[in-house]
Amino acid sequence: MSKGKKDSTGVNPKPKGRLKRIGEMFVKGDIWTKLSFFVLGLSNIVRGQILKGLMFLSMEIGFIFYMVIVGVSGIAQCKTLGKIAQKQVWDESEGIYRVMTFDNSMIILLLGVVSVFLIACFIFVWQAGVKAAYNAQELKENGKKLPSALEDIKAHLDSKLHRTLLFLPSIGILLFNILPIIFMIMIAFTNFDKDHQPPGSLFHWVGISNFKTMLNSGSMLGKSFWPILIWTIVWAIFATFLNYIFGMLLAMLINRKTTRCKGLWRTIFVLTIAIPQFVSLLVINNMLQRTGIINVLLQNWGWIKEPLPFLTDTTWARVTVIIVNCWVGVPYTMLITTGILQNIPAEYYEAAKVDGANAFTIFVKITLPYMLFVTTPYLITQFIGNINNFNVIYFLTGGLPASLDYYQSGTTDLLVTWLYKLTTTSFDYSYASVIGILVFVISGTLSLITYRRTGSYKNEEGFQ
C-alpha cells in the first residue's frame with residue numbers, strides 16, 4: 001500500500017519502520033534479491049540494470065577494501081589512541097640514531113572517526129541498494145520495463161532533480177562540517193594539550209574529566225569558566241537588545257513623515273557598514289588608549305585630570321565594548337527594521353488615531369508587537385551571534401584587562417575568545433573543545449526554548 005493511501009477501514013495505515021520494511025523485502029524477495037543483501041547490485045545486474053548494479057557493487061567493494069586496509073585497524077587502535085610514542089634509538093652498528101616505528105594519536109583518532117563515518121554512509125548505501133534490488137524484482141514480476149541507465153539519468157534531471165542538486169552540497173556539509181565537528185567533539189574526551197603533542201607524546205582518552213574540571217568552580221579552569229560564562233550572557237543580552245532598541249528607534253525617526261532627506265540619513269549610517277568592522281574597531285581601540293585622542297582632548301579641555309581607563313579597568317572596558325558594539329551594530333538593525341516598518345499597514349495607525357491613541361500607545365500596541373512578531377527569529381540569531389562575537393572583543397580589547405584570577409583569559413574575554421587563546425597560546429586543545437561543546441549546548445538550548453515560545457512559531461498563521 002502506497003504512502004498516504006487509506007486501508008479498507010478508511011484510516012491511514014501507520015507507517016512501517018525502516019527495519020520492518022527491509023525485513024519484508026528479504027522475506028518477499030527472490031533468490032537474487034536475497035543475495036543482493038550481501039552482494040549489492042546483484043539483483044539489478046541479472047535483471048539488466050547493469051550500470052546501476054555495478055555502481056552499488058563498486059561502492060561495496062570500495063568500502064570493504066578501505067575497512068580491510070585501514071578502517072578495522074583504525075577503529076581498533078582508537079581504544080588506546082596509540083601506545084608507542086616517537087623516539088630515537090641509537091644504532092650501534094651504524095653509529096646513528098634511528099626513528100623507530102611509532103603511533104600518532106591524531107591520525108589514529110582521525111582514521112577512527114572517518115571509519116565510523118564511512119560505516120554510517122555505507123549503511124545508507126546498503127539500504128538504497130536493497131531497495132533498488134527489490135524494486136527491480138517487483139517491476140519484473142509485474143511485467144513492467146525496468147528503467148535503463150539513460151532513463152535513470154533523465155529522471156535525476158527531472159522528477160528527482162532535487163536529489164541531484166542536493167548531492168554535492170550534502171557531501172560538502174558532511175566532509176567539511178559534520179566530520180570535523182565530530183572529530184573536535186572527540187578531542188574533548190582526551191588529554192590533548194601542550195604536554196601531549198603527538199607523535200612525540202601521545203594523548204589518550206580521559207572520559208568526562210575535562211568537563212568535570214571545567215565545571216568545577218574550585219579548579220583554576222572553573223574559576224575562570226563561570227565568571228566568563230556570566231559575562232558572556234550579560235554581554236549578549238546588552239549587545240542584542242541595545243542594538244535592537246536603538247536601531248528600531250533610529251529607523252522610526254528617519255521614517256517619520258516630517259523627517260527630510262531620509263535617503264541621506266540612511267546613507268550616513270550605512271557608511272559605518274561599508275567600512276570593514278575590524279578597521280573601525282582598531283581605530284576606536286587607538287582612540288580610547290590612555291594617550292589616545294579622546295583622553296588627550298578631554299585633558300586639554302580641562303574636563304579631566306587623569307586619563308579615563310576605557311580599556312584598562314574591567315568595568316570601564318566592559319561598558320566600552322557594549323557601547324562600541326552599538327556603534328557598529330545599530331546601522332544593521334536600522335536597515336532591517338526600516339523595511340518592516342514600511343510594511344506595517346497605514347490603516348492600523350489611522351484607526352488608532354481615530355480612536356484617540358497617542359504616539360506611545362501606538363508604539364506599544366501596534367509597532368512593537370508587529371516588530372517583535374516579525375523579528376523574533378532575527379533577535380534569537382543575533383543573541384546567539386553575540387555569544388560567539390569574536391571580532392568586537394578581540395580587536396577592541398583583546399580580552400584585556402588581564403587578571404591573575406583567570407586562566408589564560410582577561411576580564412573582557414568571552415567564551416569564544418577564551419577558547420581561541422586556549423588553542424593558540426597554551427595549546428589546551430581538549431579544554432578548548434569542551435568550551436566549544438558547552439557553547440553549542442547553551443546556544444542550541446536557548447534557541448530552541450526561546451523560539452518555541454515565540455508567536456512566530458506558535459501562531460504563524462496569525463501574522464497579517
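Residues numbered from 1 in each chain as written. Predicted model: local features only at pLDDT ≥ 70, side-chain atom pairs only at ≥ 80, totals over all residues. Heavy atoms only, no water.

Some points on the overall build of the chain
So the rule is basically this: Under the scheme used here, helices are H or I runs from DSSP no shorter than 4 residues and strands are E runs no shorter than 2 residues, and both carry numbers assigned from the N terminus. The size measure is the radius of gyration over C-alpha atoms, and the globule rule it meets is 2.2 Å times the number of residues to the 0.38 power. Residue exposure (1.4 Å probe, protein chains only): buried if accessible area is under 20% of the type maximum, exposed if over 50%, otherwise partly exposed. We call two residues contacting when some pair of their heavy atoms lies within 4.5 Å. For accessible areas, the Shrake-Rupley method is used with a probe of radius 1.4 Å. Any residue's cover is judged against the shown protein chains and nothing else. Charged-residue counts in this description rest on Lys and Arg as positive and Asp and Glu as negative, His and the chain ends being excluded. Every charge is mapped onto a representative atom, which is NZ of Lys, CZ of Arg, CG of Asp or CD of Glu.
When helices and strands are tallied, the chain shows 19 helices and 2 strands. For the chain, the C-alpha radius of gyration of 31 Å lies well beyond 23 Å, the compact-globule estimate for 464 residues. With the C-alpha coordinates of the chain rotated into their principal frame, the extents come out at 95 × 90 × 40 Å. Within the chain, the proportion of its 464 residues that are buried is 34%. Of the contacts made within the chain by residues no fewer than 6 positions apart, 63% connect residues no fewer than 24 positions apart. Of the roughly 27,800 Å² that the chain leaves accessible, carbon and sulfur atoms contribute 68%. One way to put it: in the chain the 40 positive side-chain charges average out to a point 8 Å from where the 25 negative ones average out.

A closer look at the environment of alanine 149
Mapped onto the elements of the fold, alanine 149 is located in helix 6 (residues 149-156). Separated by 25 residues in the primary sequence, alanine 149 and leucine 174 place their C-alpha atoms 27 Å from one another.

With respect to the packing of helix 9 (residues 220-255) against helix 13 (residues 314-341)
The test is simple: An axis is simply a line fitted to the C-alpha atoms; with a helix, the fit covers only the stretch in contact. Between two such axes, the angle follows the N-to-C directions and lies from 0 to 180 degrees. Each angle is binned into one of four classes, with values under 35 degrees roughly parallel, values over 145 roughly antiparallel, values of 65 to 115 roughly perpendicular, and all other values oblique. Left-handed describes a crossing whose near helix is turned anticlockwise from the far helix by less than a right angle; the clockwise case is right-handed.
Running from N to C, helix 9 and helix 13 point in directions that differ by 45 degrees, and their axes come no closer than 6 Å. It follows from the interaxial angle that helix 9 and helix 13 lie oblique. Of the two elements, helix 9 crosses helix 13, and the hand of that crossing is right-handed.

Observations concerning the nonpolar core
Heads up, the condition is: Take the buried residues of types Ala, Val, Leu, Ile, Met, Phe, Trp, Tyr and Cys, join any two whose side-chain atoms come within 4.5 Å, and each joined set is a nonpolar core.
Counting residues in each nonpolar core, the largest one holds 38 residues, and the members touching the most others are Met214, Phe225, Trp235, Val321, Leu415, Trp418 and Ile435. Every element with two or more residues in this core is listed here: helix 8 (209-215), helix 9, helix 11 (277-287), helix 13, helix 15 (359-387), helix 16 (391-396), helix 17 (415-424) and helix 18 (429-452). Counting residues per element, this core draws most heavily on helix 9, at 8 residues. Setting aside anything within four residues of it in sequence, one finds phenylalanine 225 in contact with Met214, Leu215, Leu415, Trp418 and Leu438. Ranked by size, the runner-up nonpolar core spans 19 residues in total, among them Met248, Leu250, Leu341 and Ala352.

What about the pattern of salt bridges?
The condition is simple: Salt bridge, as used here: a side-chain nitrogen of Lys or Arg that lies within 4 Å of a carboxyl oxygen of Asp or Glu.
According to the stated counting rule, one finds 4 salt bridges in the structure shown. The residue glutamate 151 makes a salt bridge to lysine 145 at a minimum N-O spacing of 3.3 Å. With its nearest N and O atoms 2.6 Å apart, the salt bridge here joins aspartate 413 to lysine 421. Residue aspartate 413 shares its accessibility class with lysine 421, and that shared class is buried.

A short note on helix 13
What counts is decided by this rule: Take the number of residues in a helix, subtract one, and multiply by 1.5 Å to get its expected span. Polar contacts here mean pairs of N or O atoms no more than 3.5 Å apart (in protein, one a potential hydrogen donor and the other a potential acceptor; neighbouring residues in sequence count only if both atoms are side-chain atoms).
A rise of 1.5 Å per residue sets the reference length of helix 13, with its 28 residues, at 40 Å; its end C-alpha atoms lie 38 Å apart and thus fit the reference within 8%. One side-chain oxygen at the N-terminal end of helix 13 lies 3.1 Å from the backbone nitrogen of threonine 315; it belongs to aspartate 313.

Considerations on the packing of aromatic side chains
In this description, an aromatic ring pair is defined by two values, namely the gap between the centres and the angle between the planes. For clarity, the cut-off: Two aromatic rings from Phe, Tyr or Trp, using only the six-membered ring of Trp, form a pair when their centres are within 6.5 Å; if the ring planes differ by under 30 degrees the pair is stacked, by over 60 it is edge-to-face, and anything between is tilted.
According to the stated counting rule, one finds 16 aromatic pairs in the structure shown. Consider the rings of phenylalanine 278 and phenylalanine 395, whose centres lie 5.9 Å apart with planes at 45 degrees: the pair is tilted. Of this pair, phenylalanine 278 sits in helix 11 while phenylalanine 395 sits in helix 16, placing them 117 residues apart in sequence. The exposure class assigned to phenylalanine 278 is partly exposed, which follows from its relative accessible area of 41%. Among the residues examined, phenylalanine 395 registers a relative accessible area of 24% and is labelled partly exposed.

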